[in-house]
Amino acid sequence: MKNFILDVDTGVDDAFALLFAARHPEINLLGVTCVDGNTNLKQVVINTLKVLDAAEAGDIPVGVGATRPLIDEPRYAEHVHGKDGLGDMGYPESARKVDPRPAVELMRDLIEGSSDPVTLIPLAPLTNIALFLRAFPESAKKVERIVLMGGSASQGNATATAEFNIWHDPEAAAIVFQSGIPITMYGLDVFNQLRMNKSFSERLLATSHAPSTFGGRLIDAMLSRLNYEITLGDYGAVAVALYPELATQETMKVMVDTTFGPNRGATICDHRPEEFQERNYTKTWLEQNPGVQVCKTIKVDELRELWMETLSRP
Ligand code: RIB
Ligand code: CA
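First things first, this report covers the structure right here in the doc. (Residues numbered from 1 in each chain as written. Chains lettered and ligands numbered in written order. Predicted model: local features only at pLDDT ≥ 70, side-chain atom pairs only at ≥ 80, totals over all residues. Heavy atoms only, no water.)

Section: the site of ligand 1
Near ligand 1 you find 13 residues, and of these D13, N157, E163, N165 and D234 are the closest. One of the side-chain N or O atoms of D14 is found 3.0 Å from an oxygen atom in ligand 1. D234 has a polar side-chain atom sitting 2.6 Å from an oxygen atom of ligand 1. In the complex, 96% of the free accessible area of ligand 1, which totals 270 Å², lies under the protein chains. (Near = heavy atom within 4 Å. Polar contact = N/O pair within 3.5 Å; in protein donor to acceptor, adjacent residues only side chain to side chain. Areas by Shrake-Rupley, 256 points an atom, 1.4 Å probe, with all protein chains shown as cover.)

Here's the deal with the nonpolar core
L6, Y186, Y235, V238 and W307 are the most contacted members of the largest nonpolar core, which totals 64 residues. Beyond its immediate stretch of four places on either side in the chain, Y186 contacts L148, M149, G150, F191, L194, G233, G236, A237, V240, C295 and I298. A130, F177, I181 and V294 belong to the second-largest nonpolar core, a separate cluster that totals 36 residues. (Core = buried A, V, L, I, M, F, W, Y, C linked by side-chain atoms within 4.5 Å. Buried < 20%, exposed > 50% of the residue type's maximum accessible area, 1.4 Å probe, protein only. Contact = heavy atoms within 4.5 Å.)

Looking at empty space enclosed by the protein
By the definition in use, this model includes one cavity of 30 Å³ or more. Put simply, the largest cavity is a space of about 50 Å³. In terms of lining residues, the largest cavity is bounded by F177, G180, I181, P182, I183, Q288, N289, P290, G291 and V292. When grouped by side-chain class, the residues that make up the lining of the largest cavity number six nonpolar, four polar and no charged. (1 Å grid on protein atoms, 1.4 Å probe; cavity = no way out; pocket = protein on both sides within 12 Å on 5 of 7 lines; lining within 4 Å. Points joined across faces, edges and corners; volume = space filled by probe spheres on them. Nonpolar A, V, L, I, M, F, W, Y, C, P; charged D, E, K, R; others polar.)

Things to note about the sheet that holds strand β12 (residues 292-298)
Read across the open sheet, the eight strands follow the order β3-β2-β1-β4-β5-β6-β12-β9; overall the sheet is mixed. At either end of the open sheet lies a strand with only one pairing partner, and these are β3 (62-64) and β9 (247-252). Averaged over all adjacent pairs, the angle separating strand axes in this sheet is 25°, with direction ignored. The sheet strands contacting helix α5 (residues 127-135) are β1 (2-8), β2 (27-34), β4 (118-122) and β5 (143-149), and the helix crosses β4 at an angle near 140°. (Pairing = 2+ DSSP bridges. Helix = DSSP H or I, 4+ residues; strand = E, 2+ residues; numbered from the N terminus. Axes fitted to C-alpha atoms, helices over the stretch in contact; angles between N-to-C directions.)

Let's talk about the packing of aromatic side chains
Overall, the coordinates contain seven aromatic pairs when judged by the stated rule. Seen from their ring centres, F164 and W167 are 5.8 Å apart, and the 45° between their planes marks the pair as tilted. Residue F164 and its partner W167 are both found in helix α7 (residues 164-168); the two are separated by three residues, about one turn of the helix. On the basis of relative accessibility, which here comes to 16%, the residue W167 falls in the buried class. On the numbers, 4.5 Å between centres and 15° between planes, the contact of Y281 with W285 is stacked. Neither residue differs from the other here; Y281 and W285 are each classed as buried. Feature note: the residues F16, F20, Y235 and W307 constitute an aromatic cluster, connected by ring pairs. Directly above the aromatic system of W167 lies the positively charged group of R75, at a separation of 3.8 Å from the ring centroid. Over the aromatic face of F260 sits the side chain of R264, whose NZ or CZ is 3.9 Å from the ring centroid. (Phe/Tyr/Trp six-rings, centres within 6.5 Å; stacked < 30°, edge-to-face > 60°. Lys NZ or Arg CZ within 6 Å of the ring centre and 35° of its normal.)

Have a look at this one:
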């Protein structure tokens, strides 16, 4: 059993991740925290509670976090996720209530309250995580690993070079990458590989099982909007946190571009041989940045079937 805390900006692929995390028997989903990202924070919370209902999840605490990035104005991705951020499927709002603690306090309490290691899995802009690191540094030291969906060792999606979660709040990302906590970066290099098409939604919709039906309708809602194959996206980061062997990783030095230029929000991954890198980094920086585990490949078929099976569990 692994203890996970998910930080989400639900969004369609955050929903794919939540469905999996709430239903897999080897995952102890300690809590979920919400942050502004794909859509505004209020809508992210509404969507997150709806998805926990669809997952038939137990009483999982949901914390409300940052309303906007540390420096930049919010820039939403409704063109991808729909006006409501969840494919505009029209599901009713949940009767679930959010936890009264702000997201960073909920994170602290869940980590302090766990006798076993906890993995933080941000699937969104890193604003909440940065605020948590700054507010509760002693609790942050107890985080076993951060497995984040974000960044790219190749090209961007929000811009030519920057991935959306990092681009949305580059300062927060820089704080997280310099935290010294072991990090696995599940970036666009693998994020885009987990493609889903109509054959998968048909399998899910062939049952009357609520979690499967919700997942199938979400895939179809996105296929009708985007007219091409969609990706399970954020889900892959949760699956790789659970089963690291489903990905290959390379240890790389990663810097976040926080300048206000064309590469703002890019994750600069150093591909050069170790001996060429020393001249570029200060001793302090190297101490703060032990190296990020950057996911390079994933086992696509296994990951897709893992998601399908987990949704279909009784
Ligand atoms: O770039 C993809 C990421 O941005 C995903 O987490 C998606 O949900 C959006 O948050
Ligand atoms: Ca997300």
